[in-house]
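So you can see what is in the structure, the chains are spelled out below.
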Amino acid sequence: QVQLVESGGGLVQPGGSLRLSCAVSRSLSVGNDMGWYRQALGKERELVAAISRNGFVRYEDSVKGRFTISRDNQKNTIDLQMNSLKPDDTAVYYCNFQTRIEHYWGQGTQVTVSS
């Protein structure tokens, strides 16, 4: 079993920045893929950014150049640095961690971009 605890969400003005962090209860080495998803009101959950076991990184097109995903294998955390935030980035952001047999989700953290 793996527990994920997200932090760092909140209210920010357009153009601002936030940093999300996900604390993972197991070593990141047991994960095949890990990252962040988001779900806006009335929409389906979508991938924002992910990093694989071998370090391959992928981003949703609308966040490329603005968001950066990183992991800290010592602290067992997965971070998402979000810059130049837009109102369309408003959503609940979920941390995701995948092993060979299971997908795990955090409880979600709200990000609201509004003036």
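Remember, it's a predicted structure, so these values are computed and weren't measured experimentally.

Honestly, the side chain of Arg 38 in this entry has me stumped. Any pointers?
Looking at the secondary structure, you find Arg 38 in strand β4 (residues 33–39). Within the local environment of Arg 38, its side chain forms a polar contact with the side chain of Glu 46, the two groups lying 2.8 Å apart. Side chain to side chain, Arg 38 and Ser 62 meet in a polar contact 3.3 Å long. Setting aside residues no more than four positions away along its own chain, Arg 38 makes contact with Glu 44, Arg 45, Glu 46, Val 48, Glu 60, Ser 62, Val 63, Phe 67, Asp 89, Ala 91, Val 92 and Tyr 93.

Got a minute to help me understand the sheet that holds strand β8 (residues 77–82) in this structure?
In sheet architecture, strand pairing relies on hydrogen bonds along the backbone and comes in two forms, parallel and antiparallel. The strand order β1-β3-β8-β7 describes an open sheet built from 4 strands, whose pairing is antiparallel. Of all strands in the sheet, those bounded by a partner on one side alone are β1 (4–7) and β7 (67–72). Strand-to-strand twist of the sheet, defined as the mean angle between neighbouring strand axes without regard to direction, takes the value 15°. With 6 bridges connecting them, strand β3 (residues 18–24) and β8 associate as antiparallel partners. Within the sheet, the bridge partner assigned to Cys 22 lies in β8 and is Ile 78.

Teacher, can you tell me more about the nonpolar core here?
Proteins that are soluble and globular tend to have nonpolar side chains buried together. Among the nonpolar cores identified, the biggest contains 27 residues, and Trp 36, Ile 78, Leu 80, Met 82, Tyr 93 and Phe 97 are the most heavily contacted of them. Secondary structure elements with two or more residues in this core: β3, β4, β5 (46–52), β7, β8, β9 (91–98) and β11 (109–113).

Which parts of the structure should I look at to understand the layout of surface pockets?
One water molecule sets the probe size; rolling that probe over the atoms shows where empty space is left. Estimates place the volume of the largest pocket at around 150 Å³. Considering the residues around the largest pocket, the lining is formed by Arg 38, Gln 39, Ala 40, Lys 43, Glu 44, Glu 46, Asp 88, Asp 89, Thr 90, Ala 91 and Tyr 93. If you list the elements that add at least two residues to the lining of the largest pocket, you get β4 and β9. Class assignment of the residues belonging to the lining of the largest pocket gives a composition of 3 nonpolar, 2 polar and 6 charged.

I would appreciate a short explanation of the packing of aromatic side chains in the present structure.
The geometry of an aromatic ring pair comes down to the distance between the two centres and the angle between the two planes. This structure, assessed with the given rule, holds 2 aromatic pairs. Seen from their ring centres, Tyr 37 and Trp 105 are 5.0 Å apart, and the 70° between their planes marks the pair as edge-to-face. Of the two residues, Tyr 37 is situated in strand β4 and Trp 105 in strand β10 (residues 103–105); the sequence distance between them amounts to 68 residues. Exposure remark for Tyr 37: the relative accessible area of 17% places this residue in the buried category. With a centroid separation of 6.5 Å and 85° between ring planes, the pair formed by Tyr 94 and Trp 105 is classed as edge-to-face. A residue pair is termed long-range when its members are at least 10 positions apart, and Tyr 94 in strand β9 and Trp 105 in strand β10 qualify at 11 residues. Among the aromatic residues, those joined into a ring-pair cluster are Tyr 37, Tyr 94 and Trp 105. Against the face of Tyr 94 rests Arg 45, its NZ or CZ located 3.7 Å from the ring centre. Stacked on the ring of Trp 105, the Lys or Arg Arg 45 has its end atom at 4.6 Å from the ring centre.

I'm lost on the pairing of β7 in this one. Help?
Moving residue by residue along a regular strand, the side chains alternate between the two faces of the sheet. Where β7 and β8 come together, 6 bridges link them in antiparallel fashion. Bridge assignment links Ile 69 to a residue of β8, and that residue is Leu 80. Count of turn residues in the β7/β8 antiparallel hairpin: 4 residues, of which Asn 76 carries a positive phi of about 60°.

Definitions and limits used
- Residues numbered from 1 in each chain as written.
- Predicted model: local features only at pLDDT ≥ 70, side-chain atom pairs only at ≥ 80, totals over all residues.
- Heavy atoms only, no water.
- Helix = DSSP H or I, 4+ residues; strand = E, 2+ residues; numbered from the N terminus.
- Polar contact = N/O pair within 3.5 Å; in protein donor to acceptor, adjacent residues only side chain to side chain.
- Contact = heavy atoms within 4.5 Å.
- Pairing = 2+ DSSP bridges.
- Axes fitted to C-alpha atoms, helices over the stretch in contact; angles between N-to-C directions.
- Core = buried A, V, L, I, M, F, W, Y, C linked by side-chain atoms within 4.5 Å.
- Buried < 20%, exposed > 50% of the residue type's maximum accessible area, 1.4 Å probe, protein only.
- 1 Å grid on protein atoms, 1.4 Å probe; cavity = no way out; pocket = protein on both sides within 12 Å on 5 of 7 lines; lining within 4 Å.
- Points joined across faces, edges and corners; volume = space filled by probe spheres on them.
- Nonpolar A, V, L, I, M, F, W, Y, C, P; charged D, E, K, R; others polar.
- Phe/Tyr/Trp six-rings, centres within 6.5 Å; stacked < 30°, edge-to-face > 60°.
- Lys NZ or Arg CZ within 6 Å of the ring centre and 35° of its normal.

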